[in-house]
Amino acid sequence: MSIPTNLQQVKSTLPENVTLVAVSKTKPVSDLMQAYEAGQRIFGENKIQEMVEKWEQMPKDIQWHMIGHVQTNKVKFMAPFVSLIHGVDSLKLLQEINKQAQKNNRIIDCLLQIHIADEETKFGFDEEELEILLNSIEFQEMKNIRILGLMGMATFTDNQEKVKQEFTHLKAIFDSIQMQSVPTLNFSTLSMGMSGDYKLAIECGSNMIRVGSSIFGSR
Ligand SMILES: *Cc1c(COP(=O)(O)O)cnc(C)c1O
């Protein structure tokens, strides 16, 4: 099926409060342009270099989301334009984002990645580390970052019950932070769900999904 048709199909199933990030990693600009012409304005990439190249070539009203693991030394390349960084998983990375945002005279929006899966390879904070971070002076002193919410990835498994448990756990962490935080923090975004599990993620309270292969085809 065509990219515009796939996009339409995914969008038609989404509740109004759910934001769709079209994950375009590895796909050529011509594919992204098909989605753009069908109205899509939010794209997700997982490699900074690739995102920069696409940003240079494409219309400037696109919001670019970095959804992959970020190396500290590469933050500077996306700092001028990145719209949301999903995978923030350390204080050190947050400090570098803050520094580069300051240099560019802007505030960069971030999500903190929470480790909810079994796999060791998935990055992120656990609940206790998150608590420590949010209460630290270093965190509170950073003025050029804004934490909009949390991001998580479930275990790669066919076991829906397990995935559901992990999403529900992340939603509970999200709710507890949202309850504690002051309204001005804009803590409102829960990024969870990909092609294989976004419907379940939405049932569990996600309001931002990252969908690649269901729109652009397999990679
Ligand atoms: C690639 C990727 C996605 C999209 O995966 P699909 O299964 O193609 O929808 C979502 N989130 C992250 C972090 C990814 O790296």
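Residues numbered from 1 in each chain as written. Predicted model: local features only at pLDDT ≥ 70, side-chain atom pairs only at ≥ 80, totals over all residues. Heavy atoms only, no water.

**Considering the site of the ligand**
The local shell around the ligand consists of Val 23, Lys 25, Ile 67, Met 151, Met 153, Met 194, Ser 195, Arg 210, Val 211, Gly 212, Ser 213 and Arg 219. Contact distances for the ligand include 2.8 Å between an oxygen atom and a side-chain N or O atom of Arg 219. Its free accessible area being 390 Å², the ligand has 90% of it covered by the protein chains. Residue classes in the shell around the ligand are distributed as six nonpolar, three polar and three charged. (Near = heavy atom within 4 Å. Polar contact = N/O pair within 3.5 Å; in protein donor to acceptor, adjacent residues only side chain to side chain. Areas by Shrake-Rupley, 256 points an atom, 1.4 Å probe, with all protein chains shown as cover. Nonpolar A, V, L, I, M, F, W, Y, C, P; charged D, E, K, R; others polar.)

**Quick word on the packing of aromatic side chains**
Per the counting criterion, the structure on display carries three aromatic pairs. Ring centres of Phe 43 and Trp 64 lie 5.8 Å apart, and the angle between their planes is 35 degrees; on these two criteria the pair is classed as tilted. Residue Phe 43 is located in strand 2 (residues 42–45), and its partner Trp 64 is located in strand 3 (residues 63–66); the two are separated by 21 residues in the primary sequence. For the pair shown, Phe 43 and Trp 64 are each scored as buried. Sitting over the ring of Tyr 36, Arg 41 keeps its end group 3.6 Å from the ring centre. (Phe/Tyr/Trp six-rings, centres within 6.5 Å; stacked < 30°, edge-to-face > 60°. Helix = DSSP H or I, 4+ residues; strand = E, 2+ residues; numbered from the N terminus. Buried < 20%, exposed > 50% of the residue type's maximum accessible area, 1.4 Å probe, protein only. Lys NZ or Arg CZ within 6 Å of the ring centre and 35° of its normal.)

**Points about the nonpolar core**
With 63 residues, the main nonpolar core has Leu 94, Leu 112 and Leu 150 as its most contacted residues. When residues in this core are grouped by element, the largest group, six residues, is from helix 8 (residues 160–180). Other than its neighbours up to four places away in sequence, Leu 94 contacts Val 88, Cys 110, Leu 112, Leu 133, Phe 139, Met 142, Ile 145 and Ile 147. Val 21, Ile 42, Leu 111 and Met 208 belong to the second largest nonpolar core, which has seven residues in total. (Core = buried A, V, L, I, M, F, W, Y, C linked by side-chain atoms within 4.5 Å. Contact = heavy atoms within 4.5 Å.)

**Observations regarding the environment of Phe 139**
With respect to the helices and strands, Phe 139 occurs in helix 7 (residues 137–141). Separated by 45 residues in the primary sequence, Phe 139 and Leu 94 have C-alpha atoms spaced 8.3 Å apart. Once you skip the residues sitting within four places of it in the chain, Phe 139 turns out to touch Leu 94, Leu 133, Leu 134, Ile 145 and Ile 147.

**With respect to the environment of Lys 122**
Here Lys 122 lies in the loop between strand 5 (108–114) and helix 6 (127–135). The class of Lys 122 is buried, set by a relative accessible area of 18%. For Lys 122, the residues in contact, after removing those within four places along its chain, are His 115, Ala 117, Met 153, Ala 154, Thr 155 and Phe 156.

**Some remarks on the pattern of salt bridges**
Under the defined criterion, the tally for this structure stands at eight salt bridges. For Lys 54, the salt bridge identified is with Glu 50, shortest N-O distance 2.8 Å. Linking Lys 54 with Glu 50, this pair stays in helix 3 (residues 48–57), spanning four residues, or about one helical turn. Linked by salt bridges that have partners in common, Glu 45, Glu 50 and Lys 54 make up one network. (Salt bridge = Lys/Arg side-chain N within 4 Å of Asp/Glu carboxyl O.)

**Thoughts on the UniProt feature "modified residue: N6-(pyridoxal phosphate)lysine" (unreviewed entry) in the chain**
Those residues carrying the UniProt feature "modified residue: N6-(pyridoxal phosphate)lysine" (unreviewed entry) are Lys 25 in this numbering. Inspection of the secondary structure puts Lys 25 in the loop between strand 1 (19–23) and helix 2 (29–37). For Lys 25, a relative accessible area of 18% puts it in the buried group. The contacts of Lys 25, once residues within four sequence positions are left out, are Gly 44, Glu 45, Asn 46, Glu 50, Lys 54 and Arg 219. (UniProt positions renumbered as here; feature names shortened; annotations may be inferred.)

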